[in-house]
Amino acid sequence: GRMPLAFAPFLRSLLKQDSSMEIVEHLMLATSGMTLAYLTLYQMVPVVAPDVKREYRGSFADNLFNIVYLPVISFLASHASYVLGVQGAAARWTEESRSSYWFLVLYIAKNFMRSVSSVILGDKKKGMWLIHIHHVISISCFAIGLFLHRLHFFGAMDGMCEISIIFLNNKFLYRDFGVAKGALYRLNLLALAVSWILTRLLAFPLWLALFLNDYYYQPMYAQDVSMFEMVVYPATTLIIWCLSVKWFGPIANEIMSEFSSDETSSKKKKEN
């Protein structure tokens, strides 16, 4: 059959990119390095956490991996969002920076590695199928921007939500290592809630507003952008925002539970 008109310009522009092989090399190197680091951590799990069941070792190794990965990816996304965002619509739609480039490379490499390894290692983490769907969609969107050298700002701004995952990962580590929940745990919980609000509940609507505002008032920068990008990018951001609103409920409930139990215990001490 005939190729859909919406995808023809996209594929032609992809084939014209002179730097495609360099990008592929960087993706392969990043994926290989992360795979080696991840498998090393996976082999260490029985030593550092002998109580973790075999089917959950993959998730535990991922939590250990994220201790370094998440701060790095969060810094790159934040730096790229600032550098490209303040320069105006032209930069947001058509330019890239070193930080935006490496953010996209590391994000794609890590999440590709994580999805493949979870299948091979038989990871039984709850909701893994939803994570796979998220990875397929986000990797597809980010790869298009990476190879076509456009919309890096919007990819990086979406990527700033990884800041909140730093504190979510800390929460998982408390659980994995069986550490008692004290003042530091509650402080991390507050940081999780604040970062969740700033980088997800507020940032995603701002992303959509910028995207639509730029397209409406300065459409010349979107003339080479495919219909796939124009539809899937904002749709994905909107879906993730809706999920983030839903997922904030348990975070808020735990905060109320932790601090209400703290108040109850302090009252009992005063009574005694």
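Quick notes on the rules
Residues numbered from 1 in each chain as written. Predicted model: local features only at pLDDT ≥ 70, side-chain atom pairs only at ≥ 80, totals over all residues. Heavy atoms only, no water. Helix = DSSP H or I, 4+ residues; strand = E, 2+ residues; numbered from the N terminus. Buried < 20%, exposed > 50% of the residue type's maximum accessible area, 1.4 Å probe, protein only. Contact = heavy atoms within 4.5 Å. Salt bridge = Lys/Arg side-chain N within 4 Å of Asp/Glu carboxyl O. Axes fitted to C-alpha atoms, helices over the stretch in contact; angles between N-to-C directions. Parallel < 35°, antiparallel > 145°, perpendicular 65-115°, else oblique. Left-handed = near helix turned anticlockwise from the far one by under 90°. Nonpolar A, V, L, I, M, F, W, Y, C, P; charged D, E, K, R; others polar. Polar contact = N/O pair within 3.5 Å; in protein donor to acceptor, adjacent residues only side chain to side chain. Phe/Tyr/Trp six-rings, centres within 6.5 Å; stacked < 30°, edge-to-face > 60°. Lys NZ or Arg CZ within 6 Å of the ring centre and 35° of its normal. Patch = residues over 30% accessible without salt bridge, like charges linked within 9 Å, V, L, I, M, F, W, Y side chains within 5 Å. Areas by Shrake-Rupley, 256 points an atom, 1.4 Å probe, with all protein chains shown as cover.

1. Points about the overall build of the protein chain
Regarding its fold elements, the protein chain presents 10 helices and 0 strands. Reading the helices (α) and strands (β) of the protein chain from amino to carboxyl end gives α-α-α-α-α-α-α-α-α-α. Residue burial in the protein chain is summarised as follows: out of 272 residues, 46% are buried. In the protein chain, the proportion of contacts linking residues at least 24 apart, taken out of those at least 6 apart, comes to 80%.

2. Remarks on the pattern of salt bridges
For side chains of opposite charge, pairing can occur when their charged atoms come near one another. All told, the structure shown has 9 salt bridges when counted by the stated rule. With its nearest N and O atoms 3.0 Å apart, the salt bridge here joins Arg-175 to Asp-176. Among the residues examined, Asp-176 registers a relative accessible area of 18% and is labelled buried. Bridged by salt links that share partners, the residues Lys-171, Lys-181, Arg-186, Glu-254 and Glu-258 form one connected network.

3. Details of the side chain of Asn-66
One can find Asn-66 in helix H3 (residues 57-85). Those residues within four positions of Asn-66 in sequence are excluded, and the remaining contacts are Pro-71, Lys-110 and Asn-169.

4. A few points about the packing of H3 against helix H7 (residues 152-159)
Running from amino to carboxyl end, H3 crosses H7 at an angle of 140 degrees, the nearest separation of the two axes being 8 Å. With respect to H7, the axis of H3 lies oblique. When the axes of H3 and H7 are compared, the crossing they make is left-handed. Contacts between H3 and H7 involve Ala-77, Ala-80, Ser-81, Leu-84 and Gly-85 on the former and, on the latter, His-152, Phe-153, Ala-156, Met-157 and Gly-159. Partitioned by chemical class, the residues of the contact of H3 with H7 number 6 nonpolar, 4 polar and no charged.

5. Quick notes on the side chain of Ser-164
For Ser-164, the location among the structural elements is in helix H8 (residues 162-177). Within the structure, the side chain of Ser-164 is placed 2.6 Å from the backbone oxygen of Cys-161, a separation counted as a polar contact. Polar side-chain contacts of Ser-164 include one of 3.0 Å to the side chain of Arg-200. The residues contacting Ser-164, other than those within four sequence positions of it, are Leu-192, Ser-195, Trp-196, Thr-199 and Arg-200.

6. With respect to unusual backbone geometry
In this structure, His-149 takes a positive phi of about 60 degrees despite not being glycine. Looking at where His-149 falls in the secondary structure, it is placed in the loop between helix H6 (128-148) and H7. For Leu-151, which is not a glycine, the phi torsion comes out positive at approximately 60 degrees. Here Leu-151 is to be found in the loop between H6 and H7. With a relative accessible area of 4%, Leu-151 lands in the buried category.

7. Focus on the packing of aromatic side chains
Taken as a whole and assessed by the stated rule, the structure comprises 14 aromatic pairs. Judged by centre distance (5.9 Å) and plane angle (35 degrees), the ring pair of Phe-65 and Tyr-69 falls under tilted. Placement of both Phe-65 and Tyr-69 in helix H3 is noted, with a separation of 4 residues, approximately one turn of the helix. Linked through ring pairs, Trp-93, Phe-153, Phe-154, Trp-207 and Phe-211 together constitute an aromatic cluster. The aromatic ring of Phe-153 is capped on one face by Arg-92, whose charged end is 6.0 Å from the ring centroid. Of note, Arg-200 hangs over the ring of Trp-196, and the distance from its end group to the ring centre comes to 4.3 Å.

8. Section: the environment of Thr-40
When you line up the elements, Thr-40 lands in helix H2 (residues 20-48). With 25 residues separating them along the chain, Thr-40 and Phe-65 place their C-alpha atoms 9.9 Å apart.

9. Here we look at a nonpolar patch on the surface
A cluster of nonpolar side chains, Trp-129, Leu-130, Ile-133, Val-136, Ile-137 and Trp-247, forms an exposed patch at the surface whose accessible area comes to about 580 Å². Here the nonpolar patch gets 5 residues from one element, more than from any other, and that element is H6. Among the structural elements, Leu-130 can be located in helix H6.

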